[in-house]
Amino acid sequence: MNDDLRLDPPPAAVRQAFWLAAIGLLLILAKTVAGATLLAGFDDTYQAIKPSNPFDVGDDAANGIELRLTVAVLIGAVVTVMLGLAAAAVARRADTSRGLVGVLALVAGVALVLGVVFSPENAVSPDDAASLAWLETLIPAWFQTLSSVAVFGVVLLFGVAFLRMGRPAAAGYYQDYDPGARWGGYGSWLELLRRGR
């Protein structure tokens, strides 16, 4: 790469926004992978504990949990892609980057919050300790905790990242570029890993 094409390193606010977005992305990815893992072994787990099912509805309870878990994994996969695009857009040196990150993060946040309402653990209501223990065999407490942390973390981290992208130094980074340049004024996300020279 020629020296005249080398872009200045992003300011600290942009680097911070990128790392905040990357951590948020990892949180939702972890939740999605954990959900997919539970879903893959769901039938075997249910068959093993089926004789001790304390719910009157029987198989309907498990079917409802499995359906909601499937939806949660699908939503998680879509949100992971959206947040991946948003994290990559943090480094995109263009005046539309902040708007793109804001829209993607907002839509992903709404999807995650709606996902909480329809989460698998809400499919049935345990009445006693035995029912709760049975339910937690299908949907472990650690997964419920991970889901809550991921949703709260993504909303918080992307909110702070968006605010960091609005700092004066970051605003200059996004607005001060040449759209007609060979590289389109784009600073790849790899540049965020470097401190510049």
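Since the structure is predicted, the reported quantities are computational estimates derived from the model, not experimental observations.

In terms of regular secondary structure, the protein chain is built from seven helices and zero strands. A buried classification covers 39% of the 197 residues belonging to the protein chain. Taking the contacts inside the protein chain whose residues are at least 6 apart along the sequence as the reference set, 84% of them involve residues at least 24 apart.

What follows concerns the packing of aromatic side chains. Overall, the coordinates contain three aromatic pairs when judged by the stated rule. On the numbers, 5.1 Å between centres and 70° between planes, the contact of Phe-18 with Trp-19 is edge-to-face. A relative accessible area of 8% means that Phe-18 is categorised as buried. Ring geometry for Tyr-173 against Tyr-174: centres 5.2 Å apart, planes inclined by 75°, an arrangement best described as edge-to-face. The burial state of Tyr-173 is the same as that of Tyr-174; both residues are buried.

The next point concerns a nonpolar patch on the surface. On the surface, Leu-26, Leu-29 and Val-33 cluster together into a nonpolar patch covering about 260 Å² of accessible area. Here Val-33 lies in helix α1 (residues 12–40). Judged by its relative accessible area of 46%, Val-33 is partly exposed.

All of the buried residues along helix α7 (residues 168–175) are Ala-170, Ala-171, Tyr-173 and Tyr-174. Along the axis of α7, the buried positions cluster into a sector of 155°, meaning they face one direction only. Those residues of α7 that are exposed and angled more than 90 degrees off the buried face are Pro-168 and Gln-175. If you follow the buried residues of α7, they end up packed against α1, α3 (59–90), α4 (97–117) and α6 (141–165).

Our focus in this paragraph is the packing of α1 against α3. Close contact between α1 and α3 brings their axes to 8 Å; oriented N to C, the two are set at 160°. As the angle between them shows, α1 and α3 are arranged roughly antiparallel. The handedness of the crossing between α1 and α3 is left-handed.

To continue, consider helix α5 (residues 129–138). Along α5, the residues that are buried comprise Ser-131, Trp-134, Leu-135 and Leu-138. One side of α5 carries all its buried residues, which in axial view fall inside an arc of 95°. Residues of α5 that are buried sit in contact with α1, α2 (42–49) and α3.

Judged by nonpolar contacts, the single largest core of 29 residues is most densely connected at Ile-28, Leu-83, Val-90, Phe-158 and Tyr-174. When contributions to this core are tallied by element, the ones reaching two or more residues are α1, α3, α4, α6 and α7. No other element matches α1, which puts eight residues into this core. Excluding residues within four positions of it along the chain, Val-90 makes contact with Val-14, Ala-17, Phe-18, Ala-21, Val-101, Met-165 and Tyr-174. Counting residues in hydrophobic clusters, the runner-up holds 13 residues, among them Tyr-46, Ile-49, Leu-69 and Leu-135.

A word on the confidence of the model for the protein chain. The predicted model of the protein chain averages 80 in pLDDT, with 82% of residues at 70 or higher. Note that pLDDT drops below 50 for residues 1–6; the model gives that stretch five contacts with residues more than four away or on any other chain. Note on residues 181–186: pLDDT under 50 across the span, and 16 contacts to partners over four residues away in sequence or across chains.

Before going further, it helps to examine the packing of α2 against α5. At a minimum axis separation of 9 Å, α2 and α5 run at an interaxial angle of 150°. Here α5 runs roughly antiparallel to α2, going by the angle between their axes. Residues Phe-42, Thr-45, Tyr-46 and Ile-49 of α2 pack against Trp-134, Thr-137 and Leu-138 of α5. Considered class by class, the residues forming the contact of α2 with α5 number five nonpolar, two polar and no charged.

The rules behind the values
Residues numbered from 1 in each chain as written. Predicted model: local features only at pLDDT ≥ 70, side-chain atom pairs only at ≥ 80, totals over all residues. Heavy atoms only, no water. Helix = DSSP H or I, 4+ residues; strand = E, 2+ residues; numbered from the N terminus. Buried < 20%, exposed > 50% of the residue type's maximum accessible area, 1.4 Å probe, protein only. Contact = heavy atoms within 4.5 Å. Phe/Tyr/Trp six-rings, centres within 6.5 Å; stacked < 30°, edge-to-face > 60°. Patch = residues over 30% accessible without salt bridge, like charges linked within 9 Å, V, L, I, M, F, W, Y side chains within 5 Å. Areas by Shrake-Rupley, 256 points an atom, 1.4 Å probe, with all protein chains shown as cover. Salt bridge = Lys/Arg side-chain N within 4 Å of Asp/Glu carboxyl O. Arc of directions from axis to C-beta. Axes fitted to C-alpha atoms, helices over the stretch in contact; angles between N-to-C directions. Parallel < 35°, antiparallel > 145°, perpendicular 65-115°, else oblique. Left-handed = near helix turned anticlockwise from the far one by under 90°. Core = buried A, V, L, I, M, F, W, Y, C linked by side-chain atoms within 4.5 Å. pLDDT = per-residue confidence, 0-100. Nonpolar A, V, L, I, M, F, W, Y, C, P; charged D, E, K, R; others polar.

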